[in-house]
Amino acid sequence: MSDHDQVSAFTFEGTWREYAPIAFTNLLLTIVTLGIYRFWATARSRRYLWSRTRFIDDYLEWAGTGGELFKGALIAVVVIILPLYGLNILAQHLILAGHAGLGGLIGFAVAMLFYVLIGVALFRALRYRLARTYWRGIRGGSDNPGLTYGWSYVWKHFVGLFALGLMMPWAMVSLWNERWNAMSFGPYEFSARGRVDGLMGRYIMCYLAPFVGIGMLGLAMIPAVMAGNGRMAPAAAFTVVLGAFGVYFFVGLVVMAYYAKYFRQMVEGMSLDTLEFGFSARTMDWIKLYLGDVALVVVTLGVGAIFINYRHWKFYVTHMHAYGHVDVDALTQSATAAPSQGEGLLDAFDMGAF
Amino acid sequence: MSAEVAAGELFDGTSARRHAVQVAAAGAELLLAGPEVPEERIEPARLAFIDAPPGALVYGHADRPGWRLRLFTPLPPDVAALLPAAARFGGWIDRLGLGRAALLAGLASAAVVALVISLPSWLGPLVPMGVEREIGDGLLGDLRQHSCSTPDSEAALTALAAELDPDRPPVKVQLVRMGLVNAAAVPGGRVLLFDGLVQQAKSPDELAGVIGHEIGHVRKRHVMQAMLREFGLSLVLRGSQTQLAGTLGQVAEMRYSRGAEAEADTFARARMAAVDVSPADSGAFFERMAAKDPAPRSGPLSWFASHPDPELRAGEFRAAVQPGRHYRPALSEAQFGAIRQACHDDKRKDEGLKW
Ligand SMILES: [Zn+2]
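Predicted, not measured: the structure shown is a model, and the values here were computed from it.

Trainee: I would appreciate a short explanation of the overall build of chain B in the present structure.
Mentor: For chain B, the helix and strand inventory stands at 14 helices and 10 strands. Out of the 355 residues belonging to chain B, those deemed buried represent 46%. Restricting the contact set of chain B to residue pairs at least 6 apart, pairs at least 24 apart contribute 64%. Accessible surface computed for chain B: about 17,500 Å², of which carbon and sulfur atoms make up 60%.

Trainee: Would you explain the nonpolar core in this entry?
Mentor: Within soluble globular proteins, side chains that are nonpolar generally end up buried alongside one another. Formed by 73 residues in total, the largest nonpolar core has its most connected members in Phe55(A) and Trp286(A). The element contributing the most residues to this core is helix H9 (residues 234-268) of chain A, with 8 residues. Those residues in contact with Trp286(A) that lie beyond four places of it in its chain are Met256(A), Tyr259(A), Ala260(A), Phe263(A), Phe279(A), Ala281(A), Phe315(A) and Tyr316(A). Of all hydrophobic cores here, the second largest spans 41 residues; its members include Leu157(B), Leu160(B), Ala201(B) and Val223(B).

Trainee: Can you walk me through the pattern of salt bridges in this structure?
Mentor: Think of it this way: side chains of opposite charge can pair up when their charged atoms draw near. Residue and element names in this part refer to chain A. Counted according to the given criterion, the structure contains 25 salt bridges over all chains. Residue Lys-156 is joined to Glu-178 by a salt bridge in which the shortest nitrogen-to-oxygen separation is 2.7 Å. In this pair, Lys-156 sits in helix H5 (residues 147-160) while Glu-178 sits in helix H7 (residues 168-181), placing the two residues 22 residues apart along the sequence. Here Lys-156 falls in the buried class, since its relative accessible area comes to 9%.

Trainee: Mind showing me how you'd approach unusual backbone geometry here?
Mentor: Among all residues save glycine, negative phi is the norm, and among peptide bonds the norm is trans. For the bond running from Thr73(B) to Pro74(B), omega is 0°, close enough to zero to count as cis. Here the bond from Arg168(B) into Pro169(B) is cis, since omega is -15°, no more than 30 degrees from zero. Mapped onto the fold, Pro169(B) is located in the loop between helix H5 (151-164) and strand E8 (172-176). Phi at Leu34(A) is positive, roughly 55°, even though this residue is not glycine. Relative to the helices and strands, Leu34(A) resides in the loop between helix H1 (16-32) and helix H2 (38-51).

Trainee: How do you make sense of the coordination of the zinc ion when you look at a structure like this?
Mentor: Tetrahedral coordination by four donors sets the ideal angle at the metal to 109.5 degrees; octahedral coordination by six donors sets it to 90 or 180 degrees. Residue and element names in this part refer to chain B. Coordination of the zinc ion by the protein comes from His-213 (NE2), His-217 (NE2) and Glu-261 (OE), over a distance range of 2.0 to 2.1 Å. We note that the donor set of the zinc ion lies within a single chain, spaced as H-x3-H-x43-E. You can see His-213 sitting in helix H7 (residues 204-219) and its partner Glu-261 sitting in helix H11 (residues 258-274), a full 48 residues away along the chain.

Trainee: Hey, could you run me through the sheet that holds strand E2 (residues 53-55) of chain A in this one?
Mentor: Working definition: the strands of a sheet are paired by backbone hydrogen bonds and lie parallel or antiparallel to each other. Reading across from one edge, E1-E2-E3-E4-E5-E6-E7-E8-E9-E10 (chain A) is the order of the 10 strands in this open sheet, with antiparallel pairing throughout. Two strands in the sheet have a free side with no partner beyond their single neighbour: strand E1 (10-12) and strand E10 (320-323) of chain A.

Trainee: Quick question: what am I supposed to make of the state of the cysteines here?
Mentor: In a disulfide, the sulfur atoms of two cysteines are held together by a covalent bond. All names here are of chain B. Enumeration according to the criterion identifies 1 disulfide over all chains in this entry. Cys-148 shares a disulfide with Cys-343; S-S distance 1.9 Å. Between Cys-148 and Cys-343 the disulfide shows an S-S torsion of about 85°. By sign, it is right-handed. Within this pair, whereas Cys-148 is found in the loop between helix H4 (129-140) and H5, its partner Cys-343 is found in helix H14 (residues 333-345), the two being separated by 195 residues in sequence. With respect to class, Cys-148 is no different from Cys-343; both count as buried.

Trainee: In this structure, what is going on with helix H13 (residues 310-319) of chain B? I would like to understand it.
Mentor: A turn of α-helix holds 3.6 residues, and therefore any two residues three or four places apart point the same way. For H13(B), the complete set of buried residues consists of Pro310(B), Arg313(B), Ala314(B) and Phe317(B). Seen from one end, H13(B) has its buried residues packed into an arc of 100°, which puts them on one side.

Trainee: Would you mind showing me how to read the sheet that holds strand E3 (residues 29-33) of chain B here?
Mentor: Residues and elements named next belong to chain B. Read from one edge of the open sheet, 7 strands run E4-E3-E2-E1-E7-E6-E5, paired in antiparallel fashion. Two strands in the sheet have a free side with no partner beyond their single neighbour: strand E4 (40-42) and strand E5 (47-51). On average, adjacent strands in this sheet sit at an angle of 35° to one another, irrespective of strand direction. When strand E1 (residues 5-11) meets strand E7 (residues 64-72), the two strands line up antiparallel, connected through 4 bridges.

Trainee: For this particular structure, what's the right way to read the packing of aromatic side chains?
Mentor: The relative placement of two aromatic rings is captured by the distance of their centres and the angle of their planes. Residue and element names in this part refer to chain A. Inspection of the entire model under this criterion finds 40 aromatic pairs over all chains. Centre to centre, the rings of Phe-12 and Tyr-310 are 5.5 Å apart; their planes meet at 70°, and the pair counts as edge-to-face. Remark: Tyr-310 occurs in helix H11 (residues 308-319) and Phe-12 occurs in strand E1; sequence separation between them is 298 residues. No difference in accessibility class separates Phe-12 from Tyr-310, as the two residues are buried. Centroid distance Trp-176 to Phe-263: 5.5 Å. Interplanar angle 85°. Geometry classified as edge-to-face. Of this pair, Trp-176 sits in helix H7 while Phe-263 sits in helix H9; the two residues are 87 residues apart in sequence, bridging distant segments of the chain. Assigned by exposure class, Trp-176 and Phe-263 land together as buried. A cation sits over an aromatic face here: Arg-38 above Phe-39, 4.8 Å from the ring centre. In this structure, Arg-46 is placed above the aromatic ring of Trp-62, and the distance from its NZ or CZ to the ring centre is 4.9 Å.

What counts, and where the lines are drawn
Residues numbered from 1 in each chain as written. Chains lettered and ligands numbered in written order. Predicted model: local features only at pLDDT ≥ 70, side-chain atom pairs only at ≥ 80, totals over all residues. Heavy atoms only, no water. Helix = DSSP H or I, 4+ residues; strand = E, 2+ residues; numbered from the N terminus. Buried < 20%, exposed > 50% of the residue type's maximum accessible area, 1.4 Å probe, protein only. Contact = heavy atoms within 4.5 Å. Areas by Shrake-Rupley, 256 points an atom, 1.4 Å probe, with all protein chains shown as cover. Core = buried A, V, L, I, M, F, W, Y, C linked by side-chain atoms within 4.5 Å. Salt bridge = Lys/Arg side-chain N within 4 Å of Asp/Glu carboxyl O. Donors = N, O, S within 2.8 Å, 3.2 Å for Na, K, Ca; no water. Pairing = 2+ DSSP bridges. Disulfide = S-S within 2.5 Å. Arc of directions from axis to C-beta. Axes fitted to C-alpha atoms, helices over the stretch in contact; angles between N-to-C directions. Phe/Tyr/Trp six-rings, centres within 6.5 Å; stacked < 30°, edge-to-face > 60°. Lys NZ or Arg CZ within 6 Å of the ring centre and 35° of its normal.

Okay, here's the thing in structure tokens:
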């Protein structure tokens with residue numbers, strides 16, 4: 001059986017009414033267990049979101065468990081966070097005791113290692129999520145442990161700082177491609193060929209935005225200050241506060257414009273066997289997503305935060321597209337190793353996967 | 001008879017092909033069959049509940065990764081009876097029910113929090129006095145350059161402390177050149193008496209009350225408890241005396257629990273009674289303190305204040321006076337005078353402790 005040229009292969013069929021009981025009971029259980037339930041809460045929330053996500057004619061399935069997330073977090077704390085913390089204390093003691101050279105060296109090594117581990121964590125989180133995502137009984141994964149990616153994460157970001165940071169788009173694109181090129185679904189490897197072309201304009205705008213914004217604010221203030229004879233009238237002060245918010249919003253807008261194009265371009269550069277991918281969210285969609293988050297949290301006095309996962313997942317799914325066809329007989333089971341524990345490192349660092 | 005059959009779909013975990021299947025109950029086993037799959041009997045114990053999307057139930061198989069059986073609801077009762085139960089929250093929460101599980105977990109968490117909060121109270125007395133002494137010396141040093149001491153004042157304070165507290169090793173009472181109207185029990189079994197309080201005291205009995213109270217903190221191990229509560233292990237680990245004034249400031253401002261303060265008061269009154277010193281003047285002393293600072297520590301709110309209500313304390317000390325009993329002064333006029341004069345007579349070059 002084949003499904004030809006589905007335009008919107010991804011659809012989200014969840015409703016917030018169905019999700020609310022999950023979100024609220026998760027909140028309750030997380031509170032009464034002093035936060036320990038949050039691993040199981042994450043698994044429960046994902047199981048719902050995945051199960052209401054349709055790809056072509058069948059639903060995704062989240063097969064991860066709270067127990068493995070808990071185990072992963074525990075391992076990350078014992079094997080990585082505590083030793084690094086210990087080394088850091090040692091470095092401080094050495095510096096205080098007058099061994100500045102040795103202490104500084106250890107401190108630098110710890111900082112580098114930490115940075116490498118952030119890269120490894122991001123890689124492994126993606127790997128874990130693919131390995132736990134099933135569609136028609138088939139899952140994804142990777143056999144790459146992500147250590148090389150960890151080093152790339154450090155040196156590519158370092159290179160990204162060259163030329164006053166103008167290499168950063170290259171670093172982001174290159175890391176995205178490296179990460180996804182190591183992933184697979186079923187028997188097929190992902191191919192990520194995202195390009196930097198076309199991103200530089202918006203990136204330079206991000207660079208200039210704070211200066212432009214503050215400059216414009218300054219210009220706008222001149223008449224207000226002059227009218228007040230060098231002192232600021234209350235109305236003028238109000239204008240300044242409003243203006244500061246304006247600058248903040250303006251900078252956010254410009255950064256969002258860059259990120260929207262970056263994300264679109266990265267997804268469009270991806271393919272899996274005969275499938276090509278696309279992402280249709282434009283800058284305004286991202287802005288609406290984040291303003292919606294803020295409004296939701298503010299209006300509900302914070303409780304709405306438990307719906308943010310839902311909103312974001314829905315956002316990604318509804319804007320994600322796939323073109324091509326899937327040969328279900330050729331889509332055989334992944335041969336990659338199944339993970340034994342969850343995204344522990346990532347949980348410890350508290351990061352997202354994309 | 002013909003058994004009812006459940007309709008469903010099967011993914012075998014090897015390819016993404018979907019197979020139409022039918023499942024029927026066959027004794028204690030499930031009979032699975034379909035046009036594209038070989039008929040097989042499945043042991044229900046090998047099945048694992050995965051999910052319950054609208055209109056269906058999804059099961060996996062313990063030995064077959066990716067194997068998924070999706071059965072459309074409603075199911076025939078005999079098939080449903082063989083299938084594993086649906087899980088919602090996971091493990092023991094499903095077994096107990098959400099309400100009871102949340103209640104139990106809440107109680108357990110409250111117990112854990114209570115344990116952690118009360119940890120210093122029962123851990124404090126377990127720390128050997130020798131360790132506390134080392135920590136105290138490490139933190140504060142011997143403080144000799146900040147204290148006022150003449151041979152007469154030393155003798156008077158040692159005598160008063162020995163009388164109030166015959167325990168060994170003796171608690172050292174040190175007079176500190178500071179205007180603060182206060183006294184403090186510090187780590188290592190020492191009591192600091194600030195000159196401000198001495199100058200304010202109207203009789204030796206008042207000093208006896210205050211010193212007795214602080215010795216009470218030492219003997220009841222409140223100092224270690226408070227240190228553990230306020231600084232945790234960081235204090236024990238920090239060790240060396242980095243900034244004496246800052247550390248001393250922190251230690252002097254250490255708060256004891258209301259219960260600890262009452263315990264120290266009780267200790268002081270008992271010791272004073274044992275050596276025939278009247279608690280009356282101490283009562284008056286607390287009354288004067290209350291008059292200086294009347295508002296914040298009165299009424300029902302005083303329960304939450306870190307220091308006991310001075311009026312209440314004054315009352316308790318006055319009530320401890322036994323009518324008709326013959327009391328003697330805690331110190332002779334000469335001894336009291338020596339203590340009051342110590343900071344004036346001790347001419348060592350020190351302008352006092354800078355906080
Ligand atoms: Zn006290």
